[in-house]
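Notes for the structure review
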Amino acid sequence: MWAYVIRRLGESLLILLGISLVTFALLYLVPADPARQIAGRSATAETVANIRAQLGLDQPFHIQYLRYLGNLLQGDLGRSYLQRTEVSELIAARMPATLLLMLAAIVVELIIGLTIGAVAALKRNSAVDQSLMVFSFVTISAPQFVVGILLLYVFAVQLGWFPIGGYGTFGHLVLPAITIGLLGTGWYSRMMRSSMIDVLAQDYVRTARAKGLGRLRIILRHVAPNAILPIIAMIGIDIGLFMSGIVVVESVFGWPGIGQLAWQAIQRVDIPIIMGVTLVSACFIVLGNLLADLIAPLVDPRIKLK
Amino acid sequence: MTADRDNAGREETSRPVLSVQGLTIQVATPEGPKPVVQDLSFDLRRGETLCLAGESGSGKSMTALAIMGLLPQPMARIASGSIRLADGSELAGRGERDFRDIRANRISMIFQEPMTSLNPVMTIGRQLTEVLLEHRACTPAEAPSRALDLLRDVRITDAETRLKQYPHELSGGMRQRVMIAIALACNPEILIADEPTTALDVTVQAEVLELIRVLQREHGTTVLMITHDMGVVAEMADRVIVLRHGRQEETAPVRNLFAAPQTEYSQELLDAVPRLGQAPARPAPERSRDVVDVAELCVRFPMRGGLLNRVTAQVHAVEGVSFRISPGETLALVGESGCGKSTIGRALLGLVPWQGSIRIDGQQTAGLSPKGLKPIRRDIQMVFQDPGASLDARMTVGHQVAEPLVIHGLASGSELWDRVEMLFRRVGLTPDQMDRYPHEFSGGQRQRICIARALALGPKVIVADESVSALDVSVQAQVLDLLRELQEEEGLAYLFISHDMAVIDQVADRVAVMNLGQIVETGSRDQVLRDPAHGYTRRLLSAVPIPDPEHTRPPVLPREGEVGSPVWPLGQGPARLPMAEIAPGHWVAQGAPLKVA
Amino acid sequence: MSDASIPVKSDPSRGGRGSVLVRLLRRPRSAFALIVILTMVGAAVLAPWIMPYNPNNQMFDGLSLEGAPLPPSSEFWLGTDLLGRDLFSRLILGTQTSLIIGVLANGIAVLLGATVGITAGYFGGWIGGILMRFTDLMMAFPALLLAIVLAAIFKPSLLIVALVIAMVNWVQMARVIYTETRSLAQREFIDVQRAMGASTFRILGRHILPHLVYSIIVFGTLGISTTVLLEATLSYLGVGVQPPTPSWGNIIFENQTYFANAPWLVFFPGIAIVLLALSFNLLGDALRDTLDPRLKGRH
Amino acid sequence: MRKTLATSFLALTVAAGPALAQDFTEAKQGGSMIVTYKDDVSTLDPAIGYDWQNWSMIKSLFDGLMDYEPGTTELKKDLAEDYTISDDGMTYTFKLREGVTFHNGREMTAEDVKYSLDRVTNPETQSPGAGFFGSIEGYDAMAAGEVDSLSGVTVIDPYTVEIKLSRPDATFLHVMAINFSSIVPKEVVEDYGPDFGKNPVGTGAFYLEDWTLGQSLTFARNTDYWNEGLPKLDQITFEIGLEPIVALLRLQQGQADIPGDGIPPAKFLEVTSDPAYTDFVIEGGQLHTGYITMNVNMAPFDNVKVRQAVNMAINKDRAVRIINGRAVPANQPLPPTMPGYAPDYEGYAYDPEAAKALLAEAGFPDGFETELYVYNTDPNPRLAQSFQQDLAAIGIDAEIRSLAQANVIAAGGEPDQAPMIWSGGMAWIADFPDPSNFYGPILGCDGAVPGGWNWSWYCNKELDALAVEADAMTDPAMAEEREAKWRDIYLAIMEDAPWVPVFNEQRFTMRSAKLGGPDSIFVDPVHVPVNYDYVYSTDVQ
């Protein structure tokens, strides 16, 4: 078990290393010159060169990357070019908001998604199933910015049930969490439905029926636990979806998370922040996958970590 | 089992415990409802064992499911007829809720696949206590000890540990015992056993059948047994109902059926059953040269683990096996599942990496590149167990039979199709079937197609890996006939891999018995099967059910020593068993390749 | 050997295209999807003839005197946008953009994903290891971030946007195909081919690929929906299709601040995106059910 | 339309003076307000902060030697109690106010002034404003990193500091009023190092009470503020991350008081036409020009006739209408409120036919293909499309390149990347109200270097020489003459037409009903966007 965890962590580190290299290389190709941006419009070429040297931007690519990596190993994500603040501090400050949103979104998608999926599977091919599946298709077909704008318009502007964007209270959380959660809801409900249908056809469910167990008991004790197994593997993918979603949703709702930070940084080509956010969200995704793999054997005794 | 039995209503012995009258079951097909069971009537008498026997599609499992109210919804339904219990309660048409008191309480069922019939994420203990508690057979406090008793009842070793284990940690035989324990937990009047041993090795099958008999005796349970295996029928049944295409073909006490079947179909069915020890003698092929010469063959699969995911152990699937086959000769490889017999076949075809020496028609294949191997492949071909899986579902069978010719550039154009046509005829198919897809054929026909494909290159050897195991007995007999015919006409050599002693008895010239990757006994068919010298061979033979109700099979011989494991840490391996020739050509291993697992 | 299985197998491979189409049309959901898709393809192809106005013409009478966009009317069916252009005409032209990107980006993604998936799945070993580690790496990349950065490096154009989306989207395809190829490669009928001495090329081309075609079609169809959404999102963030080429995403991007005052500017393109993505999702799902009974009811 | 706006603006500025005097003395201290911004506040370090959000915040946290009268562009003394200028205009001697304390309680002295100027010019500070101090003696050595102190700045006594210039600079007092010359306490700066921007300590009217990164900042009243009676509010909360549209909706629902990013276009018509808001919508000018650059080194824009033709082709009225009339069409680089503006100059009138003819004359009867770079936030891509249509009308096929701001700036800084750039969203807002501020970096030779801000790459040595001459006229008596000189320079530039000046944006902002104060401070031309110090709350009156 521990050997497995350590090996997987090692692999994850390699993946993160790869991601850092690719991102760094991509950003190296971005034409904007950070030194120019820092120096301002009134600066002379001399000043700019001076700043470039201070930031090490005059070094060849591999030196720059190795230096970045060296700092990274010491937990130093660098300092934002334009905000002049430690990137780690900026990310740390925004992390609670993003984590809160993520948690809320996961609750939304799990509760709604799994329920819808289960109900659809149990009522397979009925009108209920059909309409639930169409609903789930709509949720995965609607771009988050459209959903977000729509929810904001209807529930915050017109009905005034929720605050119009921002952060702080439970009310602020509802709309963005639903916006992000809806996408996952679609995926989870479809996964859950097909998984439930698979499990319902399994021999051990027939055994459970042959035992004379009640329907609810069969569903809760025999079907649901087995149906959820393949869905656990979704955690990593789900976090990936989430990380992509926050850039849009946080900007629609003015949610002070790392998605907003990333978007602002991309607009201004603030490379240390882009690097930092990319690495942090890649960490999330990698850890999510790892977590999924570690949870799996706890839920499914057949899986052995090797 | 000493629990108080509810004897109410049992005094009335005249009434059957279960009475099925005019049962018709329909399934929905795209072409409309189609009956799979028609007008089936029988009575199940208290304490007896009634066998529903028949081949695939005879409707025997559907009948069982109908009694339990477990017909697959909404595709199948009882169209007419009644199913009554001794107290007169009607089961047909009952709702799911009303069935709950019947199931496990009055009728229990065990299924064919013990591997999948238990919930993989629940401990054995909980799956047992669950049924007890559901039917209030005991209080929650008593449940664990009752569960333990149940496991001991079904002769499971180390029952306390088993309670905490999950199904995947148990062997197939043990799982079926757990299923039986669950089925008998509430002391039902009737136990329906649907092919309970089909998925198990022959020795385990014998043990499970014995267990069912013992428990039936102890509990006085009535058993409705569903099987396709006439050996099992002969061994277990008091009465037999032969089903065919959903209709009752014949109902008779077991002795009468075997002694004097009343219908033609029953006769055919019984004739087709291979019987151990009754096969005619085979003329010894002349041993001029060896078309296959295997020496010191080893196949090992790496197992990875640890921090760096390095190879930490190896599965010694095949360990130092040597044998030869002459033209026109059949060598049978026999053994229980996992003994390495199939791996040998795959090694011969170059489908797994191996060490040692393999000569096909004199040519060494060790170390050959795919290109170098290609001409040799023309001499050796393979026919697998599942013809469905070994045919490409998305290609017409004609093309698939033509493929080897195309690959080896042996024919093209009209010549190609002439040869394919010839091959189709050769295996008893008609050329107009060439344009169809595999799923349009029955199992037996598909296996013929596979044989035709294997014959296309005119091989000298065919590896037949459980090639008839998945087929119904009547079809099996036909395919075996075809193989024999081909051998006689073309002088083919077979490496016939099978777990079925009776089949081997019919086809083999020589037999090699394998256990844990090594040959433990080899010799002519008569030497090995009629006069087994190794304990393992004897045990295997003692477990084979004999399709003769007059014959009382002695109990299965006990296993000698522990169950071994082919997994060894890196750098270690099983000791090679020394072989001794106890008669000309009859070699027996000395000692057993043991390793405490 | 159980005979409990119901012999209701339908024929997955026979019957030709016509009958697949018939089966799709028989199901209300896929019939709806087909009609929407065909309508949109029709609109895209016939755009020059059915657009009531020049979609790029910033009409003087397309804005109110204060410079506000006009609501839907008999003159401008879906109203005008902030530059006084006819929204209906722009939506029709936007269909072209969305479909071109959908087909182009998805085509590249499918090609790339299938190649990587098949190679890694069939050969395994270190080639497969490296390829799959690389896809793992791509999976861990926050896709949208990657797309935005890529779009920022290369000057955005239709082709670049399509390439960027393909770079992000091929990964899922590779995963799916990899898993399927791996299980196919272990099937007996492939063993038979190897035993016959068939070349790798032949096995891949004649036996593996035909089995993957349906998955490729299904996931390719589903992929179009993701592509349309990603294009819309990129355009919404201003790094997608360049103005004045209309795409549904950049129509919303240009007009989103007016959602309270001119909701039609966000509503109509929003509906268009949802409809198209929904239709491709429904179609993909229906194709999966119709073409490949093995997958029936999953996902 | 243009005329009405211009006059109303003048009226506003004129009205500001007396209004301030009246309201202000009577207004009581207390209360609070909420200001919203979309983008993060990057830093509050006065040597570094240079964006829309932090500009006025820094002004309220810090003071410099000079400042402007609230709501106007008139210089006034701030921390300097008095100053003298030597006759040659090369030496400035500032007498500091006594008893001014930093937020940490220490008194501000001449040493701090010297430290602050040394710090902002030291290359290690990486100040984007360092270039403003180029006229101080010793600046070049400082910029080169050779020394760590400006030789021209001398502490005479704790309350007197003398600054020597290396060349006469008429704008020097303006320079002393910009944020970059704010006075900072050395010990605190050294304590926090690069994080001083997160922990600012100054002498300003407010101090930073709390900063939750990415969410909000709270300013509290500096009770020891040297300027009696200021500020009026006890607390200001800045909420960050709100889209302008959301910010305005919040204001309408009473959840915010000032939308820091102004009234978004989408809401503009609604609030300006709603009588309920007429008292709260405030219009003001700003020292801003929106322009299209044409790279004079890239064909065919190396041909002056082509550039002139483009000037005639752009329909500025239409552009103004696209942004709902929140601007006045421009015909020269300087905005109307800037000294040196030429009110009589006609510019290039909108005349597509003439433009077409001129283009043909230049050898492009069928037009040509080119690219127009634009910052990808609304309304800039829309404006670009409008220009694109205008250009198409005379046969020029301009492809739009809508990119992130930094990428547009980078392209402009390359000699051969961007033939045309629309400056919107990055356009020049003057750092101080002096005509010279529109020249050097964006039209002069100094800016026409790789990575520079002169995106038209226009470099006219003669005009550069004239500019130096004009800035040497430091005598206040010659102000008129200097202004005229600058006017000539800009008109000469228009002859060469490296730009198409499109419009001068007006600022429209809104305040909630609970805020009081003269309108002019809500659209303060220097304390952009709002002069927080003078806002009061009607709740406590």
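Computed from a prediction, not measured in an experiment: that's the story for all the values here.

Cut-off values and rules
Throughout this description, residue numbers start from 1 for each chain and increase along the sequence as written. A letter from A marks each chain and a number from 1 marks each ligand, given out in the order of writing. pLDDT decides what is reported in this predicted model: residues at 70 or higher carry local features, side-chain atom pairs at 80 or more are listed and counted, and totals for whole chains, interfaces and linings draw on all residues regardless. As a rule here, side-chain values come from all non-hydrogen atoms in the structure, and water together with hydrogens is ignored. Only DSSP runs of H or I covering at least 4 residues are called helices, and only runs of E covering at least 2 are called strands; the numbering of each starts at the N terminus. Relative accessible area decides the class of each residue, using a 1.4 Å probe on protein chains only: under 20% of the type maximum gives buried, over 50% gives exposed, and in between gives partly exposed. In this analysis, two residues are considered to be in contact whenever any of their non-hydrogen atoms come within 4.5 Å of each other. With residues, only the protein chains shown are counted as cover, and all accessible areas are computed by Shrake-Rupley using a 1.4 Å probe. Working convention for charge: Lys and Arg count positive, Asp and Glu count negative, and His plus the chain ends are omitted. Positions of charges follow a simple convention, taking NZ of Lys, CZ of Arg, CG of Asp or CD of Glu. UniProt positions are given in the numbering used here, feature names are shortened, and annotations may be inferred rather than shown by experiment. Two strands pair if DSSP finds at least two bridges between them. In this description, buried area is defined as the sum, over both parts, of the accessible area (probe of 1.4 Å) that is lost when the two are combined. Salt bridge, as used here, is a side-chain nitrogen of Lys or Arg placed within 4 Å of a carboxyl oxygen of Asp or Glu. Think of a polar contact as two N or O atoms within 3.5 Å of one another; within protein, one of them needs to be a possible hydrogen donor and the other a possible acceptor, and neighboring residues in sequence only count if both atoms come from side chains. The nonpolar class holds Ala, Val, Leu, Ile, Met, Phe, Trp, Tyr, Cys and Pro. Asp, Glu, Lys and Arg form the charged class, and all remaining residues, Gly among them, are polar. Convention adopted: a line fitted to C-alpha atoms gives each axis, helices being fitted over their contacting stretch, and angles between N-to-C directions are expressed from 0 to 180 degrees. The crossing is said to be left-handed when, going from far helix to near helix, the turn is anticlockwise and less than a right angle, and right-handed when the turn is clockwise. Across the chain, each position has a pLDDT score giving the predictor's confidence in that residue, from 0 to 100. In this analysis, the expected span of each helix is defined as 1.5 Å times one less than the number of residues it contains. Note that the arc is defined by the directions from the helix axis to the C-beta atoms. Boundaries between domains were set according to an automatic or database domain assignment. To count as a disulfide, a pair of cysteine sulfur atoms needs to be within 2.5 Å. Throughout, nonpolar core names a set of buried Ala, Val, Leu, Ile, Met, Phe, Trp, Tyr and Cys residues whose side chains join them through atoms within 4.5 Å.

Observations concerning the overall build of chain C
From N to C terminus, chain C includes eleven helices and zero strands. Listing the helices and strands of chain C from first to last along the sequence gives α-α-α-α-α-α-α-α-α-α-α. With the C-alpha coordinates of chain C rotated into their principal frame, the extents come out at 80 × 45 × 30 Å. Across the 299 residues that make up chain C, the buried fraction comes to 63%. Once local pairs closer than 6 in sequence are excluded, the contacts in chain C between residues at least 24 apart make up 70%.

Overview of the overall build of chain A
Looking only at helices and strands, chain A has 13 helices and zero strands in total. Each helix and strand of chain A, placed in order from N terminus to C terminus, yields the pattern α-α-α-α-α-α-α-α-α-α-α-α-α. Taking the principal axes of the C-alpha coordinates as reference, chain A spans close to 85 × 55 × 30 Å. Across chain A, the fraction of contacts at a sequence separation of at least 24, relative to all contacts at a separation of at least 6, is 73%. Only carbon and sulfur atoms are counted for the fraction: they give 71% of the accessible area of chain A, which is about 11300 Å². Charge-centre separation for chain A: the mean point of 23 positive side chains lies 11 Å from the mean point of 16 negative side chains.

Remarks on the UniProt feature "domain: ABC transmembrane type-1" (unreviewed entry) in chain A
Per the UniProt annotation, the sites labelled "domain: ABC transmembrane type-1" (unreviewed entry) are residues 95-296 of chain A. Spanning residues 95-296 of chain A, this segment combines 85% helix with 0% strand, and its end C-alpha atoms are found 27 Å apart.

Some remarks on the UniProt feature "transmembrane region" (unreviewed entry) in chain A
Within this structure's numbering, the places UniProt gives as "transmembrane region" (unreviewed entry) are residues 12-30, 99-122, 134-155, 167-188, 227-253 and 273-296 of chain A. The span residues 167-188 of chain A carries 86% helix and 0% strand; its end-to-end C-alpha distance comes to 27 Å.

Some thoughts on the pairing of strand E22 (residues 586-589) of chain B
All names here are of chain B. As judged from the two bridges shared by strand E19 (residues 518-524) and E22, these two strands associate in the antiparallel manner. Following the sheet pairing, Thr522 is matched in E22 by Trp587. Pairing of strand E21 (residues 579-583) with E22, which is carried by four bridges, proceeds in the antiparallel orientation. Considered in E22, the bridge of Ala580 is made with Val588.

Comments concerning the UniProt feature "transmembrane region" (unreviewed entry) in chain C
Residue and element names in this part refer to chain C. Here the UniProt feature "transmembrane region" (unreviewed entry) sits at residues 31-51, 99-125, 212-238 and 258-284. Helix and strand shares over residues 31-51 are 90% and 0% respectively, and the end C-alpha atoms of the span are 26 Å apart. Overall, residues 212-238 shows 93% helix and 0% strand. The separation of its end C-alpha atoms is 37 Å.

Describing the interface of chain B and chain C
Contacts between the two partners involve 50 residues from chain B, matched on the other side by 29 residues from chain C. Between chain B and chain C the total buried area reaches about 3200 Å² when both faces are included, carbon and sulfur atoms providing 57% of it. In this structure, the salt-bridge partner of C:Arg202 is B:Glu403, at a minimum N-O distance of 3.2 Å. At the boundary of chain B with chain C, the tally comes to ten residue pairs in polar contact (both at pLDDT 80 or more). Of all the elements in the fold, those that place two or more residues in the side of chain B that touches chain C are strand E1 (18-29), helix H1 (60-68), helix H12 (370-377), helix H13 (387-390) and helix H14 (397-407) of chain B. Among the residues making up the side of chain B that touches chain C, the classes are represented as 19 nonpolar, 15 polar and 16 charged.

Some thoughts on the packing of helix H4 (residues 87-123) of chain C against helix H7 (residues 158-185) of chain C
All names here are of chain C. Viewed as axis vectors pointing N to C, H4 and H7 meet at an angle of 35°, and their least axial separation amounts to 5 Å. Note that H4 runs across H7; the crossing there is right-handed. A breakdown of the residues in the contact of H4 with H7 according to their chemical character gives 26 nonpolar, six polar and one charged.

Here we look at the confidence of the model for chain C
All names here are of chain C. Averaged over all residues, the pLDDT of chain C is 81; the fraction at 70 or higher stands at 91%. Looking at the elements of chain C, mean pLDDT is at its lowest for helix H1 (residues 16-26), recorded as 71, and at its highest for H4, recorded as 91. Below pLDDT 50 for its whole length, residues 1-17 participates in 49 contacts with residues either more than four positions away or in separate chains. Note on residues 293-299: pLDDT under 50 across the span, and 18 contacts to partners over four residues away in sequence or across chains. Two numbers describe this predicted complex: its pTM, 0.81, and its ipTM, 0.79.

Quick look at the environment of B:Gly69
Within the secondary structure, B:Gly69 sits in the loop between H1 and strand E4 (76-85). Judged by relative accessible area, which is 16%, B:Gly69 ranks as buried.

Thoughts on helix H15 (residues 413-426) of chain B
All names here are of chain B. The terminal C-alpha atoms of H15 lie 20 Å apart, and with 14 residues this matches the ideal 20 Å at 1.5 Å per residue to within 8%. Those residues of H15 that sit buried are Leu416, Val420, Leu423 and Phe424. Taken down its axis, H15 places every buried residue within 100° of arc, on the same side. Away from its buried face by more than 90 degrees, H15 exposes Ser414, Met422 and Arg425. Looking at the buried residues of H15, the elements they touch are H14 and helix H16 (443-455). Residue Gly428 follows H15 closely and has a positive phi angle near 85°.

A word on the UniProt feature "domain: ABC transmembrane type-1" (unreviewed entry) in chain C
Per the UniProt record, "domain: ABC transmembrane type-1" (unreviewed entry) is annotated on residues 95-284 of chain C. Strand forms 0% of residues 95-284 of chain C and helix 84%; the C-alpha atoms that close the span are 19 Å apart.

Quick look at the domain arrangement of chain A
Residue and element names in this part refer to chain A. Parsing chain A into structural domains produces domain 1 (1-84) and domain 2 (89-299). Each of domain 1 and domain 2 has a C-alpha centre, and these two points are 32 Å apart. At the interface, 25 residues of domain 1 touch 21 residues of domain 2. Across the domain 1 to domain 2 interface the summed buried area is about 2000 Å²; carbon plus sulfur atoms make up 77%. There are one salt bridge connecting domain 1 and domain 2.

Considerations on the state of the cysteines
For the structure on display, the rule yields one disulfide over all chains. Here D:Cys445 engages in a disulfide with D:Cys459; their sulfurs sit 1.9 Å apart. Looking down the S-S bond of the D:Cys445 and D:Cys459 bridge, the torsion is 95°, so its handedness is right-handed. A residue pair is termed long-range when its members are at least 10 positions apart, and D:Cys445 in the loop between helix H14 (440-443) and helix H15 (461-471) and D:Cys459 in the loop between H14 and H15 qualify at 14 residues. In this structure B:Cys339 is not part of a disulfide, and its nearest cysteine sulfur, from B:Cys298, lies 15 Å away. Classification of B:Cys339 by relative accessible area gives buried; the value is 4%.

Digging into the pattern of salt bridges
Here the structure, examined in full by the defined rule, presents 69 salt bridges over all chains. A salt bridge links A:Arg217 to B:Glu130, with the shortest nitrogen-to-oxygen separation between them at 3.4 Å. Of the two residues, A:Arg217 is situated in helix H10 (residues 215-232) and B:Glu130 in helix H3 (residues 124-134); the pairing between them involves two chains. Of the residues examined, A:Arg217 reaches a relative accessible area of 30% and is grouped as partly exposed. Between B:Arg106 and B:Asp87 there is a salt bridge, and its shortest N-O distance comes to 2.6 Å. Within this pair, whereas B:Arg106 is found in the loop between helix H2 (96-99) and strand E5 (107-110), its partner B:Asp87 is found in the loop between E4 and H2, the two being separated by 19 residues in sequence. Three or more residues joined by partner-sharing salt bridges are found here, namely B:Arg289, B:Asp361, B:Asp379 and B:Lys460.

Some points on the nonpolar core
D:Leu44, D:Phe94, D:Phe133, D:Met176, D:Phe219, D:Phe238 and D:Tyr532 are the most contacted members of the largest nonpolar core, which totals 243 residues. Excluding residues within four positions of it along the chain, D:Phe133 makes contact with D:Leu117, D:Val120, D:Thr121, D:Tyr139, D:Val175, D:Met176, D:Phe180 and D:Ser181.

A few points about the sheet that holds E1(B)
Residue and element names in this part refer to chain B. Taken together, three strands build an open sheet; the order of strands is E2-E1-E4 and the sheet is antiparallel. The sheet terminates laterally at strand E2 (32-44) and E4, the two strands that pair on one side only. For this sheet the average axis-to-axis angle between neighbouring strands, irrespective of direction, equals 10°. Of the pairings in the sheet, the one linking E1 to E2 comprises nine bridges and is antiparallel in character. Within E2, the residue paired with Val27 across the bridge is Lys34. Where H1 meets the sheet, its contacts fall on E1, E2 and E4, and the angle it forms with E1 comes to roughly 110°.

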